[in-house]
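Topology and contacts: notes
The chain contents come next:
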Amino acid sequence: MSKGNIPEHLERFRTARIWPMLDRMSHRGPQGPGVNSSGAATFGTQRLAIRGLDDGTQPLMDDATGIIAVCNGEIDNHQILRDWLATRGRAVNQETDVAILPALYLELGEAFVEKLEGVFAIALWCPREQKLILARDRAGERSLFYRVDDGIATFATEVAALAAASPGKLEIDPNAVAGYLSHGCFIAPDSPIAGISKVCPGEIVTFRGTAITARRYWHWPAMDSPKRKPSLEAFDAIFRGSIERQTSVDVEYGIFMSGGLDSSLVAAVTKSVHPQRCARCYTLRFSEDSYDEGAYAERVAGLLGLAIVSVPVEPEMFIEQMPRLVRTVGEPLADPAWIPTALLSQRAAQDVRIVFSGEGADELFAGYPTYVGAGLARKYDRLPRFVRSGVKALVTGLPQSDKKVALSFLLKRFIQGEGMDPLARHRKWTANIAPELLVRLGVPPQTKAAGFQGGLLDRAQLHDVETTLAEGLLTKADRGGMSASLEIRAPFLDRAVMEFAATLPVDERVRGLTTKVFLKRYAEKYLPKDIIHRRKRGLSVPLAAWLRGPLQSWAAKKLCSGRLAEANVSPGTAEALLREHVARQADHARPLWALLVLDEWLAWLQEQPIRSRQQDRETPAAR
């Protein structure tokens, strides 16, 4: 950041950058933009008002010190912190939750972020110290990107906004794109564009002069927490407290409902906490029976006395929505559920500004079948070689299935990891594109090992919390929701809930073939057993069938564009994968979708104008 008095040409330079950035983020804040300056810093926001509707305009500044702050998200414990600050002689007059940030920084310095509960991407500037601070919430529900050029740091919650202000040509980061193909998302600090970095979950990044330092202020403590017998009563108080904090908002809210355990439990506890508030539920409907859970969602809503709205999902919607979403945010995301999430958000945003979801429960309470597989794998590897060879031949010969979570798909993934290190095997099971396919595509497989030790289940869950959840599922929720100016919150990702889950013994998470052992027992307080114990499905789409049918010609046209070569991916191999998929020689639905989204992002990248530094300096300061 620059220091001292700001020359006129530099002021024009900063102003010329901030307005294009705010224009790119208009979808995130229908209440309009705000800009404020303090010394060498200019901050801007697009506001979606959830709390402090009348006096919550951002950026916020402390008049006495010039400290300026912006926050994308919600500070759930703001009232407690406000009261504590008052005892320290720092009265905060504005009612909005974000108003506490300057005073909290003055009291605690950089440790202020450790006191915050909620979801947030925060930027704070202290002119006296000439220091910029960026911070991201513990679970990673909100993203935050930054870059430094010409001695100036710029930051934003979406890559597209930074791209709008970046001088020169935008260059692909090939290593980050290789990671995207492997994981289906970008793991912090990576981003698809060279020079743009992402703040990690639970991290604070400090800029002072030319120095940039980063430290993690929080990790999910699965490895460090002593395991103990869990108390249903203690967890009930914790989870109800999470719901109470997150629903303490000044607008109406809704619930994303699948009819599965997690979202049903969120809905049931929310109804119990607020029996007089009639939150509306929103669910997806598919014409394919094995993917459609609408009937279950409607049943749960009926049991709880909640209204429910159904949103249909059809294949042509993917052709319409995917280009719009990629261009809105400026980065690819390989989860095909991004599109249904956006469709659901568009409908919910007609009624409410915030919804609650069951995201995070599978990772924290061990709900995925891969966690069962992690334990079975050790036993399988001890079987005689001739037995394993016979099983492999049998499983390999199973026909492809277009059903959701088909047994053949799970078994094939299982045997592909034979003989591997248990955590490496888990990473392969959860990979978006398997290493052998990456090699065919000309992409070096990602071989980075996890940097933690401990029990296998703890390690597998921690890996998922910090990668698949933080950078995949939560990115999907944020980008899908905010594309329609809708905030999506996850009560399971409250810090107290996460820290409770970290203390669960293995047999309270996985027992035999049963997953989420403790959470299912807890749910019996609120839900019928047939809802709790029905087979897990999760949100996915019939992409395998659609790529052999209504999406086939569209996909073929995109894959032969030649753009994938710009990311060092073989277009010919991508086209071959589609032919193999259509011929049912293999199920390549997930790899193909990742490549299709990447192709769309490359098309967006080609459309970006090359912004020169001279243009920035010549742009008038006033908009």
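Since this is a predicted model, take the numbers as computed values, not measurements.

Another aspect to go through is the environment of A178. Within the fold, A178 resides in helix 5 (residues 174-183). In the structure, A178 is positioned 390 residues away from N568 in sequence and 8.9 Å away in space, judged by C-alpha atoms.

Two numbers describe how helix 22 (residues 552-559) lies on helix 24 (residues 589-607): the axes approach to 10 Å, and their chain directions differ by 55°. Here helix 24 runs oblique to helix 22, going by the angle between their axes. Our pair here, helix 22 against helix 24, has a crossing hand that is left-handed. In this structure, helix 22 contributes W554, A555, K558 and L559 to the contact, and helix 24 contributes L592, W593, L595, L596, D599 and E600. Taken together, the residues of the contact of helix 22 with helix 24 sort by class into 7 nonpolar, no polar and 3 charged.

Where burial is concerned, most of strand 5 (residues 118-126) is hidden: 8 out of the 9 residues are buried. The pairing of strand 4 (residues 68-75) with strand 5 spans 8 bridges and is antiparallel. Bridge pairing in strand 5 places E74 opposite V119. Examined bridge by bridge, strand 5 and strand 6 (residues 131-136) share 6 bridges and lie antiparallel to one another. Within the sheet, the bridge partner assigned to A123 lies in strand 6 and is L134. In this structure, the hairpin formed by strand 5 and strand 6 is closed by a connection of 4 residues, where Q130 is found at a positive phi of approximately 50°.

Right, let's talk about the sheet that holds strand 15 (residues 354-356) for a bit. Each strand in a sheet pairs with its neighbour through backbone hydrogen bonds, running either in the same direction (parallel) or in the opposite one (antiparallel). Ordered by their spatial adjacency, 5 strands build an open sheet running 14-13-12-15-16, and the pairing between neighbours is parallel. In this open sheet, the two strands that pair with only one neighbour each are strand 14 (308-312) and strand 16 (487-489). Sheet twist, expressed as the mean angle between neighbouring strand axes with direction ignored, is 30°. Strands strand 12 (253-256), strand 13 (280-285), strand 14, strand 15 and strand 16 of the sheet are contacted by helix 10 (residues 338-348), whose axis makes an angle of about 145° with strand 13.

Quick notes on the rules
- Residues numbered from 1 in each chain as written.
- Predicted model: local features only at pLDDT ≥ 70, side-chain atom pairs only at ≥ 80, totals over all residues.
- Heavy atoms only, no water.
- Helix = DSSP H or I, 4+ residues; strand = E, 2+ residues; numbered from the N terminus.
- Axes fitted to C-alpha atoms, helices over the stretch in contact; angles between N-to-C directions.
- Parallel < 35°, antiparallel > 145°, perpendicular 65-115°, else oblique.
- Left-handed = near helix turned anticlockwise from the far one by under 90°.
- Contact = heavy atoms within 4.5 Å.
- Nonpolar A, V, L, I, M, F, W, Y, C, P; charged D, E, K, R; others polar.
- Buried < 20%, exposed > 50% of the residue type's maximum accessible area, 1.4 Å probe, protein only.
- Pairing = 2+ DSSP bridges.

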